[in-house]
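Residues per chain are reported as follows:
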Amino acid sequence: MSDTTPEPNDVAPNTSPNTQRQRASQLAQALRQELHKAVIGQQDVVDGVLTALIAGGHVLVEGVPGLGKTLLVRALARCFGGDFARIQFTPDLMPSDITGHAVYDMASEQFKLRKGPVFTNLLLADEINRAPAKTQAALLEVMQERQVTLEGRALAAPQPFLVMATQNPIEQEGTYPLPEAELDRFMLMLRMDYPQADEELALVRQVTRSVRTDILDVSGLRVLLQAKDVQALQKIASDLPLDDQVLDYAVRLARATRNWPGLGLGAGPRASIALVRCARARALLRGGDFVVPDDVKGCALAVLRHRVRLSPELDIEGTSVDQLLQQLLEQIAAPRL
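A short tour of the structure in this document, coming up. Source: prediction; values computed, not measured.

1. Examining the overall build of the protein
Scanning the protein from terminus to terminus reveals 14 helices and eleven strands. Its C-alpha atoms give the protein a radius of gyration of 21 Å, within 12% of the compact-globule value 20 Å for 337 residues. Dimensions of the protein along its principal axes, counting C-alpha atoms only, are 70 × 55 × 45 Å. For the protein, the residues scored as buried account for 50% of the 337 residues in total. Long-range contacts, defined here as pairs at least 24 residues apart, represent 76% of the contacts in the protein between residues at least 6 apart. The average position of the 36 basic charges and that of the 41 acidic charges among the side chains of the protein differ by 4 Å.

Written out as structure tokens, the structure is:
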């Protein structure tokens, strides 16, 4: 890393907005480079995770086993100085295993609240679709309202709070599809695909040099940011200038899904909000001073794909959601700034 790489505390509140923006962008790009030391390839997925982190949203990562979904989250947790917790979702997992529960203390003869793993900054919900709906629903409140109600008390989750969930798209036995209400709470749904040939060569070379069986080591990654630095990045991104035409473009994209031929279910207002927040995050990540239509377009698939449903006839024909959304993006005119 060069000598110009910013330290976390370089995102200082007492500097000019332009300087803050430049330093925040440099820090985000340094974090991207650090993650790529552990995660080989998968540029779009890494950028998607960073976009969600800066935008303050949750991420659902989908891909077949062995592509590095959990590795990516572990690498991010290693670069982040805040609290990290992991929940391995299983069919017998109970809601209280996530949120916590009241425990009777014999000494004081009173019930005491024992907080669950959800009280953290970065939560990995591994194979989230292996738990039944009642357990998945334990995340609904905290994902939306950043709080958990235990024994009638509303307890705030630490800030920042980010859920990163993984799921296998092809396995059906022993899995439970996520309900629409929960899917809508994920800002982005990222698809992790097989690596390119050269990436796989580099991956195999690196892993087989390690003494650990078949996983990449993240222990060498540097801690680049603390909880307060993430909040500073989120604040700087939310203040990035956004032209009304770009705002209108984001809203038009989301609204177009509601009556687009071939879509039986369109995206709600959360999609419009997510498009704008993600576009600001992407603009900061690329070092831009303002949001452009390509920032909106670049995150549209990840924002919309889990919020829409194909009509039954297209589903039978084997058309994919991404194909239909790609047609939508090509036909909805973007503003020229």
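2. Notes on the pairing of strand β9 (residues 186-191)
Counting buried positions along β9 gives five out of six residues, so the element sits mostly inside the fold. Pairing geometry for strand β1 (residues 58-62) and β9, over five bridges, is parallel. Each bridged residue has a counterpart across the sheet, and for Val59 the counterpart in β9 is Leu188.

3. Focus: the pattern of salt bridges
Taken as a whole, this structure holds 16 salt bridges when the rule is applied. Put simply, Arg32 and Asp47 hold a salt bridge, and the shortest N to O gap is 2.9 Å. Of this pair, Arg32 sits in helix α1 (residues 17-38) while Asp47 is found in helix α2 (residues 43-55), placing the two residues 15 residues apart along the sequence. Here Arg286 ties to Asp295 by a salt bridge, and the two come within 2.8 Å at their closest N and O atoms. By relative accessible area, which is 5% here, Asp295 ends up buried. Here the salt bridges share partners, and the residues they tie into one network are Glu62, Arg191, Arg305 and Asp322.

4. Observations concerning the environment of Trp260
Mapped onto the secondary structure, Trp260 falls in the loop between α10 (244-256) and β10 (263-265). The class of Trp260 is buried, set by a relative accessible area of 15%. Along the sequence, Trp260 and Leu328 sit 68 residues apart, while their C-alpha atoms lie 7.9 Å from each other. Filtering out sequence-adjacent residues up to four positions away, Trp260 remains in contact with Leu324, Gln327, Leu328, Gln331 and Ile332.

5. Topic: the packing of aromatic side chains
One pass over the full model with this rule turns up zero aromatic pairs. Against the face of Phe119 rests Lys115, its NZ or CZ located 5.0 Å from the ring centre.

6. Looking at the nonpolar core
Core analysis: the largest hydrophobic core is formed by 81 residues, its most contacted members being Leu253, Leu275 and Val303. With sequence-adjacent residues up to four places away left out, Leu275 is seen in contact with Ala250, Leu253, Ala254, Val296, Cys299, Ala300 and Val303. Counting 27 residues, the second-largest nonpolar core is a separate cluster that includes Ala125, Ile128, Met143 and Leu150.

Cut-offs used in this document
- Residues numbered from 1 in each chain as written.
- Predicted model: local features only at pLDDT ≥ 70, side-chain atom pairs only at ≥ 80, totals over all residues.
- Heavy atoms only, no water.
- Helix = DSSP H or I, 4+ residues; strand = E, 2+ residues; numbered from the N terminus.
- Rg over C-alpha atoms; globule rule 2.2 N^0.38 Å.
- Buried < 20%, exposed > 50% of the residue type's maximum accessible area, 1.4 Å probe, protein only.
- Contact = heavy atoms within 4.5 Å.
- Lys, Arg positive; Asp, Glu negative; His and termini not counted.
- Charge placed at Lys NZ, Arg CZ, Asp CG, Glu CD.
- Pairing = 2+ DSSP bridges.
- Salt bridge = Lys/Arg side-chain N within 4 Å of Asp/Glu carboxyl O.
- Phe/Tyr/Trp six-rings, centres within 6.5 Å; stacked < 30°, edge-to-face > 60°.
- Lys NZ or Arg CZ within 6 Å of the ring centre and 35° of its normal.
- Core = buried A, V, L, I, M, F, W, Y, C linked by side-chain atoms within 4.5 Å.

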